[in-house]
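Listed below are the residues making up each chain.
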Amino acid sequence: MSRPKSPTALKPSPLPGEGGATAPGEGASFASRLLTWFDTHGRHDLPWQHPREPYRVWLSEVMLQQTQVTTVIPYFERFLARFPDVQTLAAAPIDDVLQRWAGLGYYARARNLHRCAQAVVELRGGEWPRDIEQMIALPGVGRSTAAAILSQAFGDRHAILDGNVKRLLSRHAAVAGWPGLPAVQQRLWNYAEKLLPDARLADYTQACMDLGSQVCVSRRPLCAVCPVAGDCGARLQDRVAELPASKPKRDRPQRSAWLLLIENDKAALLLERRPPSGIWGGLWCPPVIAAEQDWRAELAARYGLRAESVQALEPVEHSFTHYDLSLQPLRLRVAPAGVAEAGATAWTTMSDPSTLPGLPAPVRKILDAAYFAPQKAQQSLWPEPSTA
Ligand code: SF4
């Protein structure tokens, strides 16, 4: 049974700079202050910065997941000496790769690294994609990693949101809520994109990482020397110690999921009948993917589809008897558009709400808002595609 949630969960206060307001202390942009700081205090001599080419940047980004820079540097150099380019890595036996990785931990990273190198060589002739969705489609490459590679190797304009940057932006924008929640994460992505400069993207990406890991550290951040302290929401509100919020410890389990509103080129929506037992048993519903899962990978694995355009809609909270569910709808335009209709899968035209099959109440609410609200009807189907 659905019940309303507290307004703070659904109606966040504006971020600095939202709604045309200028944040207190904001003169030069966030990016220009950060880049000025970076020129003097940032890291300029990391081995993957010279040269900053995609294979080296990709390798460093995968190694840096859950691992500190100082630990990574000797591994990076040894790895590169054995596997100097993506072709050598792709052709190497996996045991060889795992051996050079030993000690870095999280060995799924090494296996994905190998699979990714093989995909780049076999499917792309050794060329790295410049399109972020194609980059994300590679094994082991998430959105932040893809953005870090494209911005650092090619200077492309993409925002990153690794753990350090999540903490930095949660504080700067004074974003309440645990950053692991899809709705909070989406706000941080929006904020990260809003702050992007028009130039020096490679340096800006490195500067965000450096400020997050050296100044806006987890305990006792160095606000006195921080270049963006002037309009830092957490500092101005005296909430530095409480942001970002910790993962909620509650008796009632909290679950989060993506709701994929998959649209084909005829503006029809993919619905599937849920299994007879379990939540919403037997009802029709767009695909639901647990938040921990990579929805892009699931989209490819389950339906053979790839998102060409992504639009994040307002999240919806729903309470079940034993847990709370946070649903983050993503409206996707996909390619290829064909999924064979089977007994449990159907493309449904979204022109008349009365013709829809039985849908769960919170899903109905999301579809009504997305397709049948009066103001939506005035808009074209894809007014302003954005990424999630
Ligand atoms: S002022 Fe302090 S809390 Fe705010 S971004 Fe800088 S280091 Fe982090």
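Notes on the structure in this doc start here. As the structure is a prediction and not an experimental result, all values here were calculated from the model.

**Section: the overall build of the chain**
At step 1: Across its full length, the chain holds 16 helices and eight strands.
At step 2: Out of the 388 residues belonging to the chain, those deemed buried represent 34%.
At step 3: Taking the contacts inside the chain whose residues are at least 6 apart along the sequence as the reference set, 68% of them involve residues at least 24 apart.

**Brief notes about the packing of helix H6 (residues 94-101) against helix H7 (residues 108-124)**
At step 1: The geometry of H6 relative to H7 is characterised by a closest axis approach of 10 Å and an angle of 135° between their N-to-C directions. Classified by the angle between their axes, H6 and H7 sit oblique to one another. For the pair H6 and H7, the sense of crossing is right-handed. Across from Ile94, Val97, Leu98 and Trp101 in H6, the residues of H7 making contact are Ala110, Arg111, Leu113 and His114.
At step 2: A breakdown of the residues in the contact of H6 with H7 according to their chemical character gives six nonpolar, one polar and one charged.

**Quick word on the packing of helix H3 (residues 54-64) against helix H4 (residues 69-82)**
At step 1: One way to put it is that H3 packs onto H4 with a least axis distance of 10 Å and a crossing angle of 135°. With respect to each other, H3 and H4 are oriented oblique. Judged by the sense of rotation from one axis to the other, the crossing of H3 with H4 is right-handed. Contact residues: H3 offers Arg56, Leu59, Ser60, Met63 and Leu64, while H4 offers Val69, Val72, Tyr75, Phe76, Phe79 and Leu80.
At step 2: In the contact of H3 with H4, the residues fall into nine nonpolar, one polar and one charged.

**So, the site of the ligand**
At step 1: Residues in contact with the ligand amount to 15 residues; listed here are only the nearest, Cys216, Cys223, Cys226, Ala229 and Cys232.
At step 2: Of all the secondary-structure elements, those providing two or more residues to the shell around the ligand are helix H10 (163-172) and helix H13 (233-236).
At step 3: No other element matches the three residues that H10 contributes to the shell around the ligand.
At step 4: Here the residues of the shell around the ligand are counted per class, giving 12 nonpolar, one polar and two charged.

**Re the pairing of strand E7 (residues 324-335)**
The side chains of a regular strand alternate between the sheet's two faces.
At step 1: Pairing analysis gives 10 bridges linking strand E1 (residues 254-263) to E7, with the strands arranged parallel. Looking at the pairing, Arg255 lines up with Leu325 of E7.
At step 2: Note: strand E5 (residues 306-312) against E7, six bridges, orientation antiparallel. Bridging across to E7, Gln311 finds its partner in Arg331.
At step 3: Across four bridges, strand E6 (residues 316-319) lies against E7 in antiparallel orientation. Bridging across to E7, Glu317 finds its partner in Ser326.

Calculation rules
- Residues numbered from 1 in each chain as written.
- Predicted model: local features only at pLDDT ≥ 70, side-chain atom pairs only at ≥ 80, totals over all residues.
- Helix = DSSP H or I, 4+ residues; strand = E, 2+ residues; numbered from the N terminus.
- Buried ≥ 20, exposed ≤ 12 C-beta atoms within 10 Å, placed from the backbone.
- Contact = placed C-beta atoms within 7 Å.
- Axes fitted to C-alpha atoms, helices over the stretch in contact; angles between N-to-C directions.
- Parallel < 35°, antiparallel > 145°, perpendicular 65-115°, else oblique.
- Left-handed = near helix turned anticlockwise from the far one by under 90°.
- Nonpolar A, V, L, I, M, F, W, Y, C, P; charged D, E, K, R; others polar.
- Near = placed C-beta within 6 Å.
- Pairing = 2+ DSSP bridges.

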